[in-house]
Amino acid sequence: MAHLCPILCFYPPPSPLTPSDISELVDNSDTSNSDSSTSSIDSDSAVHLLLQGIAAYADEIIATQVLNQPLVPVMRASQLILLDHFVDHRPGLFRKKLWVDPDIFDAILDQISDHPIFSSASHNCQLPIAIQLAIFLNRAGHYGNAISPKDVAQWAGVRVLGLWSIALIM
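Residue indices begin from 1 for each chain and proceed along its sequence in written order. pLDDT decides what is reported in this predicted model: residues at 70 or higher carry local features, side-chain atom pairs at 80 or more are listed and counted, and totals for whole chains, interfaces and linings draw on all residues regardless. Hydrogens and waters are ignored; side-chain quantities use all the structure's heavy atoms.

(A) Structural context of the overall build of the protein chain. In terms of regular secondary structure, the protein chain is built from nine helices and zero strands. The numbering of helices and of strands both runs from the N terminus, where a helix is a DSSP run of H or I of at least 4 residues and a strand a run of E of at least 2. When the helices and strands of the protein chain are listed from N to C terminus, the series reads α-α-α-α-α-α-α-α-α. Taken across its 170 residues, the protein chain has 18% of its residues classed as buried. At a minimum sequence separation of 6, the contacts of the protein chain that also span at least 24 residues come to 55%. Note on areas: Shrake-Rupley with a 1.4 Å probe; residue coverage comes only from the protein chains shown. Total accessible area computed for the protein chain in this model is approximately 12,800 Å², and 62% of it derives from carbon and sulfur atoms. The buried label applies to any residue whose accessible area, calculated with a 1.4 Å probe on protein chains only, is under 20% of its type's maximum; exposed applies above 50%, and partly exposed to all values in between. Contact criterion: two residues are considered in contact whenever any of their non-hydrogen atoms come within 4.5 Å of each other.

(B) Up close: unusual backbone geometry. We note that W99 has phi near 65°; this positive angle belongs to a residue other than glycine. Along the polypeptide, W99 turns up in the loop between α5 (91–98) and α6 (102–112). Judged by its relative accessible area of 52%, W99 is exposed.

(C) Quick peek at the nonpolar core. We define the nonpolar core as a collection of buried residues of types Ala, Val, Leu, Ile, Met, Phe, Trp, Tyr and Cys that are connected through side-chain atoms lying within 4.5 Å of one another. L83, L98, F105, L137 and W155 are the most contacted members of the largest nonpolar core, which totals 20 residues. Looking at this core, the elements that each hand over two or more residues are α4 (81–89), α5, α6, α7 (129–140) and α8 (149–156). Among the elements that make up this core, the one with the highest residue count is α7 (six residues). In contact with L98, not counting residues within four places along its chain, are L83, F105, A134, L137, N138 and W155.

(D) Here's a closer look at the packing of aromatic side chains. Each Phe, Tyr or Trp ring (for Trp, its six-membered ring) is paired with any other whose centre lies within 6.5 Å, and the angle between the two planes then decides the class: stacked below 30 degrees, edge-to-face above 60, tilted in between. Enumeration over the complete set of coordinates arrives at one aromatic pair. Taking 5.8 Å as the distance between ring centres and 85° as the angle between the ring planes, the aromatic pair formed by F94 and F105 counts as edge-to-face. Note that F94 is positioned in helix α5 and F105 in helix α6, a separation of 11 residues in sequence.

(E) View of the side chain of Q132. Position of Q132 among the secondary structure elements: in helix α7. For the purposes of these results, a polar contact is taken to be a pair of N or O atoms within 3.5 Å, where, inside protein, one atom must be able to donate a hydrogen and its partner to accept one; residues adjacent in sequence count only when each atom of the pair is a side-chain atom. At 2.7 Å, the side chain of Q132 forms a polar contact with the backbone oxygen of L127.

(F) How the structure looks around the pattern of salt bridges. For this document, the term salt bridge refers to a Lys or Arg side-chain nitrogen within 4 Å of an Asp or Glu carboxyl oxygen. Inspection of every chain in the model, using the stated rule, returns one salt bridge. D101 is paired through a salt bridge with R95; the nearest N and O atoms lie 2.8 Å apart. On the accessibility criterion, R95 (38% relative accessible area) is partly exposed.

Below, the structure written as structure tokens:
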């Protein structure tokens, strides 16, 4: 995320070491009554404050990270069942989601239903071809990074892999 760099570079979190803290340390170590034990305590205090400052920065960096995995997974709820309603009552919404008319969708489905790519000898179940086509059309109707596999998965309520779309194109 290149656009975050100026924010992080020019607006760092406030330092726990304020100028008054530093000047107190300097003033205490420069007094004429100080002996070697007093100056070592002051330098220990300075090191302690510095370590606290570093720890505070580390905590702030950890707390403000942008690219992190959420602790709770994103909820997915299939909206595919709405497509049946859209066919009968709101064909414009059907077109908005899949970028084709319901009649075109049915024609494509009829043409690809018998293709061997939709049959598998493995024990892994496949989604019905109509759902696979709907997910593909939804994804193909968006350009570039306007939609991600996670967006499609959330909309369809299923796990979607990137190579899956390539397999359907072929």
